[in-house]
Structures are given as structure tokens and as C-alpha cells.
Amino acid sequence: QLARSMIQCLSNCLFVAAIVYIPLADAAAIGMMGPLIVALLAWPLLQERTSVPHATAIVIGFIGVLIIIRPGGAVFHPSSLLLIGSATCFALYQILTRMGANVDSPATTTFYSSAFGAVAMLAVLAFVGQFPANIPDFLMFCMLGILGGAGHYCVVRALAFAPANIIAPFQYFQLLGSVAVVFIMFGQLPAAATWAGS
């Protein structure tokens, strides 16, 4: 549980550090490497076999991520590597969640993650924290916590019922949600390469 919680916290920190430099929709698209990594790790770590169609999808998905990141291109930003790290951590979090699904309940697993994240971030907050400037910002942070916690609980619950390599691809729905939220809140749409890679 401690390893899971640390990895989840690291995944979130890497993602937040990267979106300072990379548009949110592009960051979400790069983060879609997570299901690919889960599928690659599910066999050696969980003995959950990946079928030929799954393996083909992994290769196609990785090509899509390369199209989005465009390594070596003029638009490549080193923060893309933080997003790859975030996706890798999130994949390991899902693998460890699946490993512990037969031991602890989803509520217990979610509690450990939330408690670790809260303690770790409170330690950092003392040095770099800033209280939200107004009530709407404060309420948005509260909503972020509630929705994030609910989302992680649903992931943990799903991983208690099905193999990780089957559950992980449902993360692709997050891409649609990210594009919608970014458009509604910031009026931005992803670049053409992001659409193609996605």
C-alpha cells in the first residue's frame, strides 16, 4: 500500500510539473501511454497474458504517442519526459492495485493513497504553498479533491474485478474528457498532431 501510494503521488507530481510547459490536452494525450505500459507489465508482474490484438494495439498506441510527442522535432519539449514518467508511475500504480485487490477493500486502498498524498503534499505545502486567492478557486480545489478521490476509488474497484490489461484501456475515455474540459475552461483545442496521435 505504501509503494502504491508513493507511486501515485509521484505520478500526480510529475503530471502537474509538466503541464506548466505543455498544453493540458497534449499532456493528457501523452499520458495515454499508461494503458500501453500496463499491458506490457501485466504479463510479467501479474501473469495476465496479453493477446496478439492487445500487443498490436500497444504498438499502434506507442506510435500514436510518438506522433504527439514528436521527439527530435521543433515542438518537442523536455517536459514530455515528465509525462512519460507520470504515465509509467500510473501504470505501476494500477499493477500494484491489482496485486493488492485480493487483500484490501477498495475503500481501504483509496484511503491509504489519499492519506499518503495528503501528508506528503502538506510537507511540501509549508515551503511552496499558496492559499487559493478567492472562494471560487478554493471550491475548485475542493472539487478536484472530491472528483479525483472518486475517480481513483472507481479505478481501484474496477481492478478488483477484472485484469489490469482489460481495465487500463478504459483510461482512453479520459482523453475525451480532457479535451472537453480544456475547451470549455480555456477555449483551446489540441494541435493536429495531437488529434492524429490520439
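Refer to the structure presented above.
Cut-offs applied
Residues numbered from 1 in each chain as written. Predicted model: local features only at pLDDT ≥ 70, side-chain atom pairs only at ≥ 80, totals over all residues. Heavy atoms only, no water. Helix = DSSP H or I, 4+ residues; strand = E, 2+ residues; numbered from the N terminus. Expected span 1.5 Å × (residues − 1). Buried < 20%, exposed > 50% of the residue type's maximum accessible area, 1.4 Å probe, protein only. Contact = heavy atoms within 4.5 Å. Polar contact = N/O pair within 3.5 Å; in protein donor to acceptor, adjacent residues only side chain to side chain. Patch = residues over 30% accessible without salt bridge, like charges linked within 9 Å, V, L, I, M, F, W, Y side chains within 5 Å. Areas by Shrake-Rupley, 256 points an atom, 1.4 Å probe, with all protein chains shown as cover. Salt bridge = Lys/Arg side-chain N within 4 Å of Asp/Glu carboxyl O. Core = buried A, V, L, I, M, F, W, Y, C linked by side-chain atoms within 4.5 Å.

1. Details of helix α7 (residues 135-159)
Here α7 is 25 residues long and its end C-alpha atoms lie 36 Å apart, about the 36 Å a rise of 1.5 Å per residue gives. Residues of α7 that are buried: His152, Val156 and Leu159. The secondary structure elements touched by the buried residues of α7 are α1 (2-18), α5 (79-100), α6 (106-128) and α8 (164-167). By the N-cap criterion, in which a side-chain oxygen at the helix start approaches the backbone nitrogen of a residue two or three places on, α7 is capped by Asn134, the distance to Asp137 being 2.8 Å.

2. Let's talk about a nonpolar patch on the surface
On the surface, a cluster of nonpolar side chains totalling about 900 Å² of accessible area is made up of Met140, Val181, Phe183, Ile184, Met185, Phe186, Leu189 and Trp195. Considering the arrangement of structural elements, one finds Met185 in helix α9 (residues 173-186).

3. Here we look at the nonpolar core
Counting residues in each nonpolar core, the largest one holds 17 residues, and the members touching the most others are Met33, Ile37, Val38, Ile95 and Ala164. Those elements giving two or more residues to this core turn out to be α3 (33-46), α4 (52-69), α5 and α8. Sort the elements by how many residues they give to this core and α3 lands first, with seven residues. Not counting the four nearest positions on each side in its chain, Met33 is found in contact with Phe62, Val65, Ile84 and Ala87. Counting ten residues, the second largest nonpolar core, distinct from the first, contains Ala27, Ala29, Met32 and Ile68.

4. Re the environment of Ala192
With respect to the helices and strands, Ala192 occurs in helix α10 (residues 192-197). You can call Ala192 exposed: its relative accessible area is 63%. Distance from Ala192 to Ile68, taken between C-alpha atoms, is 9.0 Å for residues 124 residues apart in sequence.

Geometric descriptors of this kind do not, in isolation, establish any biological role.
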